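Below, each chain spelled out in residue letters.
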Protein chains: 2
Amino acid sequence: MAKRKSSVGAPRGGRSVWSFGGGKAEGRGDAKAILGGKGAGLAEMSRLGLPVPPGFTIATTACAAWWASGRRPPKGLWPEVERALARLERLRGQTFGRGPRPLLVSVRSGAAVSMPGMMETVLNVGLTRETIPALVAVTGNERMVQDSHRRLVQMFGKVVREIHDDLFEDALHDLKRRRGARLDTDLSAADLAGLAETYRGVFRDETGEEFPDDAMEQLRQAVEAVFRSWECDKARKYRRIQRIEGLLGTAVNVQSMVFGNRGPDSGTGVCFTRDPSTGENVFFGEFLIDAQGEDVVAGIRTPEPIVEMGKHLPDAYRDLLRVKDLLERHYGDVQDIEFTVEEGRLFVLQTRTGKRTARAALRIAVDLVKEKRITPAAAVSRVDPHALDQLLHPTFDEKAATRVLARGLGASPGAAVGRAVFTADDAEAWSGRGEKVILVRAETSPEDVGGMHAADGILTSRGGLTSHAAVVARGWGKCCVVGCAAVSIDARAKSFTAGEETVREGDWISLDGSEGRVMLGRVPTVRPALGADFATLMAWADRFRRLGVRTNADTPEDARAAREFGAEGIGLCRTEHMFFATPERIRAVREMILADSTEGRSRALEKLLPIQRGDFEGIFGAMDGLPVTIRLLDPPLHEFVPHEEAQQEEMAREMGVSAADVERRVRALHEANPMLGHRGCRLGITYPEIYDMQVRAIAEAALACAGRGVKVLPEIMIPLVGFASELSFLRARAEAVIAEAVEGSRRRIPFRIGTMIEVPRAAVTAGRIAEHAEFFSFGTNDLTQMTCGISRDDMASFVPDYIDRKLIPRDPFQVLDRDGVGVLVRWAVEEGRRARKGLKVGICGEHGGDPESVAFCHEVGLDYVSCSPFRVPIARLAAAQAELRERGAAGKPGRGRPGRR
Amino acid sequence: MAKRKSSVGAPRGGRSVWSFGGGKAEGRGDAKAILGGKGAGLAEMSRLGLPVPPGFTIATTACAAWWASGRRPPKGLWPEVERALARLERLRGQTFGRGPRPLLVSVRSGAAVSMPGMMETVLNVGLTRETIPALVAVTGNERMVQDSHRRLVQMFGKVVREIHDDLFEDALHDLKRRRGARLDTDLSAADLAGLAETYRGVFRDETGEEFPDDAMEQLRQAVEAVFRSWECDKARKYRRIQRIEGLLGTAVNVQSMVFGNRGPDSGTGVCFTRDPSTGENVFFGEFLIDAQGEDVVAGIRTPEPIVEMGKHLPDAYRDLLRVKDLLERHYGDVQDIEFTVEEGRLFVLQTRTGKRTARAALRIAVDLVKEKRITPAAAVSRVDPHALDQLLHPTFDEKAATRVLARGLGASPGAAVGRAVFTADDAEAWSGRGEKVILVRAETSPEDVGGMHAADGILTSRGGLTSHAAVVARGWGKCCVVGCAAVSIDARAKSFTAGEETVREGDWISLDGSEGRVMLGRVPTVRPALGADFATLMAWADRFRRLGVRTNADTPEDARAAREFGAEGIGLCRTEHMFFATPERIRAVREMILADSTEGRSRALEKLLPIQRGDFEGIFGAMDGLPVTIRLLDPPLHEFVPHEEAQQEEMAREMGVSAADVERRVRALHEANPMLGHRGCRLGITYPEIYDMQVRAIAEAALACAGRGVKVLPEIMIPLVGFASELSFLRARAEAVIAEAVEGSRRRIPFRIGTMIEVPRAAVTAGRIAEHAEFFSFGTNDLTQMTCGISRDDMASFVPDYIDRKLIPRDPFQVLDRDGVGVLVRWAVEEGRRARKGLKVGICGEHGGDPESVAFCHEVGLDYVSCSPFRVPIARLAAAQAELRERGAAGKPGRGRPGRR
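Residues numbered from 1 in each chain as written. Chains lettered and ligands numbered in written order. Predicted model: local features only at pLDDT ≥ 70, side-chain atom pairs only at ≥ 80, totals over all residues. Heavy atoms only, no water.

Chemist: It is not clear to me how the overall build of chain A should be interpreted in this structure. Could you clarify?
Modeler: Helix and strand counts for chain A stand at 35 helices and 34 strands. Taken along its principal axes, the extent of the C-alpha atoms in chain A is 105 × 65 × 50 Å. A separation of at least 24 residues holds for 68% of the contacts in chain A among residues at least 6 apart in sequence. Across chain A, the mean location of the 127 positive side-chain charges is 6 Å away from that of the 124 negative side-chain charges. (Helix = DSSP H or I, 4+ residues; strand = E, 2+ residues; numbered from the N terminus. Contact = heavy atoms within 4.5 Å. Lys, Arg positive; Asp, Glu negative; His and termini not counted. Charge placed at Lys NZ, Arg CZ, Asp CG, Glu CD.)

Chemist: I would appreciate a short explanation of the nonpolar core in the present structure.
Modeler: Most often, soluble globular proteins have nonpolar side chains that are buried together. In terms of nonpolar packing, the biggest core is built from 311 residues, with Leu537, Phe620 and Phe778 of chain A together with Leu537, Phe620 and Phe778 of chain B touching the most fellow members. Look past the residues within four positions of Leu537 of chain B in its chain and what remains in contact with it is Leu362, Ala365, Val366, Ala379, Val380, Val383 and Leu877 of chain B. Val107, Leu172, Leu219 and Ala225 of chain A belong to the second-largest nonpolar core, a separate cluster that totals 64 residues. (Core = buried A, V, L, I, M, F, W, Y, C linked by side-chain atoms within 4.5 Å. Buried < 20%, exposed > 50% of the residue type's maximum accessible area, 1.4 Å probe, protein only.)

Chemist: In this structure, what is going on with helix H33 (residues 821-835) of chain B? I would like to understand it.
Modeler: Think of an α-helix as 3.6 residues a turn; residues three or four steps apart then line up on the same face. Spanning 15 residues, H33 of chain B covers 21 Å between terminal C-alpha atoms, matching the ideal 21 Å at 1.5 Å per step. The complete set of buried residues in H33 of chain B reads Val821, Gly822, Leu824, Val825, Ala828, Val829, Glu831 and Gly832 of chain B. (Expected span 1.5 Å × (residues − 1).)

Chemist: Can you help me understand the packing of aromatic side chains in this one?
Modeler: Each aromatic ring pair is summarised here by two numbers: the centre-to-centre distance and the angle between the ring planes. By the definition in use, this model includes 24 aromatic pairs over all chains. A centroid spacing of 5.9 Å and a plane angle of 70° characterise the contact between Phe272 of chain A and Phe284 of chain A, whose relative ring orientation is edge-to-face. Residue Phe272 of chain A is located in strand S9 (residues 267-272), and its partner Phe284 of chain A is located in strand S10 (residues 284-289); the two are separated by twelve residues in the primary sequence. A relative accessible area of 3% means that Phe272 of chain A is categorised as buried. Aromatic pair Trp66 of chain B and Trp67 of chain B: ring centres 5.1 Å apart, planes at 90°, arrangement edge-to-face. With a relative accessible area of 3%, Trp66 of chain B lands in the buried category. By relative accessible area, Trp67 of chain B is classed as partly exposed at 25%. (Phe/Tyr/Trp six-rings, centres within 6.5 Å; stacked < 30°, edge-to-face > 60°.)

Chemist: Can you help me understand the pairing of strand S32 (residues 775-778) of chain B in this one?
Modeler: In the case of a regular strand, side chains alternate between the two sheet surfaces. All names here are of chain B. Burial along S32 is two-sided: the face carrying Phe775 and Ser777 and the face carrying Phe776 and Phe778 are both buried. In terms of strand pairing, strand S31 (residues 752-757) meets S32 through three bridges, oriented parallel. Bridged to Thr755 within S32 is Phe776. (Pairing = 2+ DSSP bridges.)

Chemist: Quick question: what am I supposed to make of the interface of chain B and chain A here?
Modeler: The figure often quoted for interface size is the accessible area lost as the parts come together. Each partner contributes residues to the interface: chain B has 44 residues there, and chain A has 44 residues. Contact between chain B and chain A buries roughly 4,100 Å² in total, counting both sides, with carbon and sulfur atoms accounting for 60%. The interface formed by chain B and chain A contains four salt bridges. A salt bridge links Asp817 of chain A to Arg761 of chain B; the nearest nitrogen and oxygen atoms lie 2.6 Å apart. (Buried area = accessible area lost by both parts, 1.4 Å probe. Salt bridge = Lys/Arg side-chain N within 4 Å of Asp/Glu carboxyl O.)

Chemist: Which parts of the structure should I look at to understand helix H6 (residues 165-179) of chain B?
Modeler: Residues and elements named next belong to chain B. Across its 15 residues, H6 extends 21 Å between first and last C-alpha, which sits within 8% of the 21 Å expected from 1.5 Å per residue. At its buried positions, H6 is contacted by helix H5 (142-161) and helix H7 (189-207). Gly180 occupies a position one or two residues after H6 and carries a positive phi of about 65°.

Chemist: I would appreciate a short explanation of a negative patch on the surface in the present structure.
Modeler: Residues and elements named next belong to chain B. A surface patch of negative charge is lined by Asp425, Glu428, Glu650 and Glu654. Examined against the element boundaries, Glu654 turns out to sit in helix H24 (residues 645-655). Given a relative accessible area of 40%, Glu654 falls into the partly exposed group. (Patch = residues over 30% accessible without salt bridge, like charges linked within 9 Å, V, L, I, M, F, W, Y side chains within 5 Å. Areas by Shrake-Rupley, 256 points an atom, 1.4 Å probe, with all protein chains shown as cover.)

Chemist: Explanation requested: the packing of H6 of chain B against H7 of chain B in the structure shown.
Modeler: In a pair of packed helices, the angle between the axes and the distance between the axes together describe the arrangement. Residues and elements named next belong to chain B. Running from amino to carboxyl end, H6 crosses H7 at an angle of 145°, the nearest separation of the two axes being 10 Å. Crossing handedness for the pair H6 and H7: right-handed. Packed against H6, whose contacting residues are Leu167, Phe168, Ala171, Leu172, Leu175 and Arg179, the element H7 presents Asp191, Leu195, Thr198, Tyr199, Val202 and Glu206 at the interface. Taken together, the residues that form the contact of H6 with H7 break down as eight nonpolar, one polar and three charged. (Axes fitted to C-alpha atoms, helices over the stretch in contact; angles between N-to-C directions. Left-handed = near helix turned anticlockwise from the far one by under 90°. Nonpolar A, V, L, I, M, F, W, Y, C, P; charged D, E, K, R; others polar.)

Chemist: What is the right way to read the side chain of Thr273 of chain A from this model?
Modeler: Residue and element names in this part refer to chain A. Relative to the elements of secondary structure, Thr273 occurs in the loop between S9 and S10. Of the polar contacts made by the side chain of Thr273, one reaches the backbone nitrogen of Gln335; its length is 3.0 Å. Contacts of Thr273, omitting those with residues within four sequence positions, involve Asn281, Val282, Phe283, Lys324, Glu328, Asp333, Val334, Gln335 and Ile337. (Polar contact = N/O pair within 3.5 Å; in protein donor to acceptor, adjacent residues only side chain to side chain.)

Chemist: Would you explain the environment of Ile509 of chain A in this entry?
Modeler: Residues and elements named next belong to chain A. Along the polypeptide, Ile509 turns up in strand S24 (residues 508-512). For the pair Ile509 and Ser745, spaced 236 residues apart in the sequence, the C-alpha separation amounts to 58 Å. Contact partners of Ile509, with chain neighbours within four places excluded, come to Ala416, Val417, Gly418, Ala420, Ile438, Val440, Phe496, Val503, Met519 and Gly521.

Chemist: Please clarify how the pattern of salt bridges should be interpreted in this entry.
Modeler: When the charged atoms of two side chains with opposite charge come close together, those side chains can pair. By the definition in use, this model includes 146 salt bridges over all chains. Residue Arg441 of chain B pairs with Asp448 of chain B through a salt bridge whose shortest N-O separation is 3.6 Å. Given the relative accessible area of 7%, Asp448 of chain B is considered buried. Linking Arg679 of chain B and Asp634 of chain B is a salt bridge whose minimum nitrogen-to-oxygen distance equals 3.4 Å. Of this pair, Arg679 of chain B sits in the loop between helix H25 (659-669) and helix H26 (681-686) while Asp634 of chain B is found in the loop between strand S29 (627-631) and H24, placing the two residues 45 residues apart along the sequence. The exposure class of Asp634 of chain B is buried, given its relative accessible area of 7%. Salt bridges sharing common partners tie together Glu576, Arg631, Asp634, Arg679 and Asp782 of chain A.

Chemist: Mind showing me how you'd approach the sheet that holds strand S21 (residues 487-490) of chain A here?
Modeler: Two pairing modes exist for strands in a sheet, parallel and antiparallel, and in both the strands are linked by backbone hydrogen bonds. Residues and elements named next belong to chain A. Read from one edge to the other, the open sheet built from three strands follows the order S21-S22-S23, with strand pairing classed as antiparallel. Strands with a single pairing partner mark the edges of an open sheet, and in this sheet they are S21 and strand S23 (501-504). Looking at each pair of strands side by side, their axes are set apart by 20° on average, direction ignored. Bridging between S21 and strand S22 (residues 495-498) involves four bridges; their strand directions are antiparallel. When the bridges of S22 are listed, Asp490 appears paired with Ser495.

Chemist: Teacher, can you tell me more about the environment of Asp213 of chain B here?
Modeler: All names here are of chain B. With respect to the secondary-structure elements, Asp213 resides in the loop between H7 and helix H8 (215-229). Between the C-alpha atoms of Asp213 and Glu130, which are 83 residues apart in sequence, the distance is 7.8 Å. Within the structure, Asp213 has its side chain in polar contact with the side chain of Arg200 (distance 2.8 Å).

Chemist: Which parts of the structure should I look at to understand the sheet that holds strand S9 (residues 267-272) of chain B?
Modeler: Residue and element names in this part refer to chain B. Spatial strand order, S11-S10-S9-S12-S13: five strands in an open sheet with antiparallel pairing. What marks the edges here is a single partner per strand, and that holds for strand S11 (304-305) and strand S13 (345-353). Pairing between strand S12 (residues 335-342) and S13: eight bridges, direction antiparallel. Among the inter-strand pairings, Glu342 is bridged to a residue of S13, identified as Arg345.

Shape descriptors only; they carry no functional weight alone.
Here it is, written out as structure tokens:
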């Protein structure tokens, strides 16, 4: 046996098998780490007295032990399984692999974290030449039994022995063609019996062995195949994308089969306790009469809305309504429930927290508080900050002329515009080239997840709202339209037709994930109104969080947008973007660069001064009453000059100099490693007149705004400081320029001067730097580049390999590297505050908008994070969750928010 | 009175004036804080009974009090001065400002720390209209008296009343022109008397006052002028730059004047107690009859060798011989003595430690130990490690006639003679034919290393002391002159011009890497024999030092040379230089780079395997019994491919592929910031077959050498590690390759695997990395680049400005940045050793050969430093000095050297 960590809810002892059903269970619902999500759910439901088909769960520890011991089952596993089977036989009054009432079981994977479609399932285990006649006798339904038989051989062959599925599917299509059958259901019992024999032949040809007619042998092989599936490529890829870490393996759920395909009083379905798309408190779902679960998910037959079930199966429907209320109340959250009705009797197969859109998540969280089911803190904790992305993203401009090609089911809302591609690989390739793409498929399968993730939107011609494409896309908040039958796809030709229109690979289309519309061309988008639920939840979040949230904004428009999203100031206003804004500006900048004397540069800078002053006036106005951190010029000068010959000639013409002069200057500016070159405060030191101009523009703009009654709180930020002496030099100069600018004015504006901490040396010597800085702002993009020695521009050649080989858990530019960069950040905060009481400390790298990194910023005690306007609400929510987690972990009341400037 | 700290050697009490002379002194030689350096020296010499012109010192406390009380002399100062003057008058039998034998005095500044030229001096104080005729009468030398007179007016005017010196100099030139005089000495007594009157007129015009003809008034004003000079701009600046802090002020030395120009029984001279050029124990120096000290320094008359003095002034010479022996014995070191003979009587004006050549320093230190004047520890402490540089490189024969074409920066010392070539390829080709060549380039790049290595010397017209050429050359100990702007290169014509001269390909030139001289033709060189003194001193140094010293060497030749210099192993063997060594090798490397599959790469690597194995066998053989640290491939692959179109075409032809293929691959390898790109262990992870080949070559070479009885201690070093996971991955692979290679062999070779610490993140996470590393080696070149965010290749555009503005004290690539990089190094050593007892820690950046950085390495407890072969003795000496300083500071006996592998 592998070592096992003790886990909440898992009874003690070395056991690998946990039975459930018949109104009780050996395991508990909070033992997910050991029982997996599905197994824990089944245990929990059994304990709640819900009608769960009884069975047992083989623990994740057994899977881990199987891998650890070179793919050998842990000692004692099979005897435990046999004892659990015996209990199951007693509960169901059936016998496994023999007897007049044969027991069939399903074998399903189930990890601690949901990985839909990633691992394997084998149904109908226990059907053998011996049990088939008995089952026919007891059910009186030969067609169903033979259909189950051929499905077993197919699934077993595919999952356990890795036989290519096409071999089975071809045989099915061949048979259907010969019989003239359109649907599977058009085939007779005899057809299906023959098909099962054909499948057994395929099995024999491919493996060189007979299909096993020993039930216990089938079970053993199926269980090990599930263990194996834990490490298959697609599962590993999924875990990487979803950042799933630290799991032991998958559990295996062995559960007695119930049949939704036993005739018109049977059926199967999937339902949500509330609408997962809008969050509305209405019962939502789909069902199919006389069908098995896979028929719903596969999207081969189009299911009926759940409310219709009352007409066909009234008793079972009544039970289902009771069950769904019970489950939602029990879990305090929306449930996604799979069920089967066997001859009128309801069985609940699975329940889990329902995936939902961001809009629905908000509404559900707010509604549940209103219904007094949960507290505001729980509501705030529950909404995934990443999900807010969806809400904050644009929707189509309804006033725009659109040409709707087709309508499908709006499976995951959003507005996606991209170029049509027809395979997952193409989606990845095109997207890798920076193209926006819409992945168009008849249906999707787990093999497609890479391409689905890379695409901006997903369109399928088949499948329903609970199909693979719909579920996965919703989980990611990615725009998705499914079941769009009007779209006829020619996968080989890489095109689709809708009516008269043909869309070929590379053509632009637009998808409306809410309404299910597929539109031709690039439809313009607009920003969504956020609504009351958003405001309510954000207000709750603000009540809890301790961390301030500012925004990175370079224009008054961005500043205003961010303010609407709740930004409490500007944490980073990049002045270089302003230099590019108009031809007039770039001309003056280039004039400065070409100048070979301080005087020449000063002349060019004189032209920029009024322009910059105007920029700052606009921003100060938009942020009236809130602090605005302005970073002085940062990028190297070569970013402002053209590198192509033709453009250099044009520049030379424009500036009235020779092309050779331009070329010479551009060559002189070339650097081997510009990231570590002449930029940031180094420019301010070699060409002090540049920063002088910028500081003057800030000071004059502040005075002008103050004169109009605007409350101005300017913070001047010096970039790329590595030595305290740099800051001391530039600070003295800036103070002199400010003093000169405000001389004679009676207004007192509280200028602050601080620095970026983005060079590792600045973090190391933060104590000395703080002597000259009123604030620090961590530039974690550059700090990560230099600390890890990784250039973002060049990392594509090796970082993907690193992630594949698990050498690093993820891209350190997306999620802050706690162990490396984080140590420097923590050190700098401590040393900085030790040297200067009341030092303000923030972060303005992209990490400021990443929830996990925001949590880190909270932990190390930063005053604020700053992020792009659209990420401000994400940061607010993440900051609140970090505080709530801390309270939860410490079991202490919150400290509340300290006063922030 | 200002507060006064009690100071050793300063008698207690509130006195401000301390007399000396006549065989005794009131102050003591260790009272520098109060008496200043010069005053303490004069007191010391007086106490030794040396014939010092008597005088008195006004204490630094008086200067402090003068400033503290708003520039007013402390109460009681002038009465004290008058008492001291009276004593002086008695000693000299003269009277100040009156009488038949007038006393003249000099007034000089003298702080506790030497600040040469920073503060003021006034000579001949006491000459007045009244004393001039008396002095003429008593000396019989009117010319001397009038010359002293005009000098007093000029110096007093300039120092005390701040009259611009030009006004005096113009009058002098004017007079000389009118008299047709070439030298000052061509002027007659009458001329000088007239000039003194002209100067008095200048004084009157500028100050509105008459020049003071009161001796006491002259003295008072001169003393206060010296006090004032303590806070003049240049003195303050000097103290800031030199970080001189905590001084009270300057002392003022008032000393009776003696005149060496009183006739044939007078004279003046400078002598050394031993020959400062060879160190030989012979009396060395020069003197002039009837002259003042400035005549010796000005070089107007040619002085005579000191031994001649015995003929002219036998009594004074006998006294001088006694004095010099006494002084050398007293100070325990060679003394540089200034003296004057006035009418046959010897006066010692000053003594100080004599500056000497490296060779002399060695000989003197060793001789003094033999003579039992000093201990071996003192001898080791006394030799400047930097000075050894001179000894270790061949030098030009200074007796040879030379024609200097131009001067650049001496980047790497040595004397190189060779024929000028203008491309790296030519350098390789000519050198391959057995020619000695000097590679002349505007600047060099990594593509040139082959040619640079082949050349005997390198000359560039651009770049500074840390340019590529300088760094690489220094690493190899190869003579190099950089930044020689006077050389104008025409690369196309393969020639350069310097002034009138044109040097064409194949012409002989000579480079002086110490002085930066570029000379025409073949200047003869001498290879210095290191000699017995060197060996003796080094043996003493090795007795004291605790730090090991290894070398950076890539070839058996370098390894052997370093071993002769005392290297105790190789700390860095760079394998990439081996890849460039021959066309065959570079071809295989390029084949590997062009391959688009693991198999293709492996095929190319198979060709390199036997070659690398041979390389390592050679090095292991040369280092028999000593550890050899081999760094696996480090530079990015693009350094191995040509970037020019023509060369790419040639490469394509050679490799049998299309030029487009080559161009595409080169383009794909291009990086925005190669320093932070795909190199070091990142290559080893994406292309594991490269490191596999190298490790196999190391293991096979080790086995083969061991089979021949060589004791092999291989250390495999993984570069650019930032994450412990990288090292763990590569270590496991390397161990597997080694296990496979040694399988079946009965020899047990102690392979060690460790890593460079050169990425800041590696330093931060050193504890985790040490779990997988048996040793650390700090790559402080890259660590400095990334920690400071400064690219060495690009720093020329701003670092000089930084040093000019004193923002950083010096180039952090020359002397390790203690406050920034040093903090990370210290942290990494502590964390690494905490995680792994007995972790070996060294340094292999260029800092390993810099004495100040070596001292840092000693302080943080590294096991060894590694540097280029020629710097090994420097490091040995610096390491011993660091230990001796530590013992001195702690007043403790040495720890002795721990056993090193």
